[in-house]
Amino acid sequence: MKLSSQIFLCISLISLSMSCQKKNTDGLYIINDLSGSLDEISGITKFSNEPYLYAINDSGNSNTIYQLDLQGEIVRELTIDNAKNHDWEDLAYDFQNNIYIGDFGNNYNDRKNLAIYTVSDISNEKIKTLKTNFRLEDQTDFPPKKKNRNFDIEAFIYLKGNFYLFTKNRSSEFNGETKLYKVPAQPGNQIATLITSYKTCDDASDCFITGAAINATGDVIALLTYNKIFVLKKFKGDDLFSGTVEKIKLHHSSQKEGICFKNESTLIIVDEKGKNKEGFLYEYILN
């Protein structure tokens, strides 16, 4: 190999290595691009005792959970036998090795079959689940008038025996509010109780809540939008907005859809593939 070719190869390898750890702004790092199998990734979570991530795609895709390494490479594909992917939008984890699939995407605010699936054993390639069906206590019209369409859900967490759900406000008269619901984490038919609402901001392009995560100690929650993270701390009881809410601007806008804690100081974020743009795995370092 000629010296010039060797130099070019070395520069290319160095550039590639640097790009995998490229810092965008304010602590957001690109780790890797995602497989084409995850072009419509919608949720992500991580077991606290494993070096793996778990990810899903949203509506129109298979009923598959993807196991990834921490570089975002697919390790295994797990088929959920008894759970159709109507519109899977987020994953949650209870730190007892149970994964929860949120099948509650509701773009048109007209779904009556909202559900959460409990996955308690991922050792087999084909997996059975338990199903929690629920309805939102304050929704009576399917769909409601366009100005009242705040019943789409793309984010949830598990905390102390309950699921907490955050809406993606699709009202025509957008006011920035996300609604917080509580659902018992039990199989069968449940009611999602409205706890409160919180105004994120006024711009729909900035303020849609698309993902949620909670840390291992259960005292820090991260909510994701296309270009922000909201960090909730010191909350009491069911009102998760009752404590401090820190708004972090990422200065990087994309269709970010999933978030989880890698550890107490680091968040993992994923976004969907866009026009002329790959989907990526990111890390964000909390202060």
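Everything here concerns the structure above.
Note that the structure is a prediction, hence the values are computed from the model and not measured. (Residues numbered from 1 in each chain as written. Predicted model: local features only at pLDDT ≥ 70, side-chain atom pairs only at ≥ 80, totals over all residues. Heavy atoms only, no water.)

Side note on the overall build of the protein chain
Broken down by element type, the protein chain carries 2 helices and 21 strands. For 287 residues, the compact-globule formula gives about 19 Å, and the C-alpha radius of gyration of the protein chain, at 19 Å, lands near that figure. On the principal axes, the C-alpha backbone points of the protein chain span a range of 75 × 45 × 35 Å. Residues counted as buried form 51% of the 287 residues belonging to the protein chain. (Helix = DSSP H or I, 4+ residues; strand = E, 2+ residues; numbered from the N terminus. Rg over C-alpha atoms; globule rule 2.2 N^0.38 Å. Buried < 20%, exposed > 50% of the residue type's maximum accessible area, 1.4 Å probe, protein only.)

A closer look at the sheet that holds strand β8 (residues 115–119)
Reading across from one edge, β6-β7-β8-β10-β14-β13-β12-β11 is the order of the 8 strands in this open sheet, with mixed pairing throughout. At either end of the open sheet lies a strand with only one pairing partner, and these are β6 (88–93) and β11 (152–159). Averaged over all pairs of adjacent strands, the angle between their axes in this sheet comes to 30°, without regard to strand direction. The pairing of strand β13 (residues 177–184) with strand β14 (residues 188–199) spans 6 bridges and is classified as antiparallel. Each residue of the ladder has a partner; that of Lys-179, found in β14, is Ser-197. (Pairing = 2+ DSSP bridges. Axes fitted to C-alpha atoms, helices over the stretch in contact; angles between N-to-C directions.)

A closer look at the pairing of strand β21 (residues 280–285)
Burial analysis of β21 places 5 of its 6 residues in the buried class, the great majority of the element. One ladder, built from 5 bridges, connects strand β1 (residues 28–33) with β21; its direction is antiparallel. Paired with Asp-33 across the two strands is Phe-280, which belongs to β21. Strand direction decides the pairing type here: strand β20 (residues 266–271) and β21, joined by 5 bridges, are antiparallel.

Here's the deal with the state of the cysteines
Within the structure shown, the criterion is met by 1 disulfide. Across a sulfur-sulfur distance of 1.6 Å, Cys-201 and Cys-207 are joined as a disulfide pair. With the S-S dihedral at roughly -105°, the linkage between Cys-201 and Cys-207 falls on the left-handed side. Note on accessibility: Cys-201 and Cys-207 belong to one class, buried. (Disulfide = S-S within 2.5 Å.)

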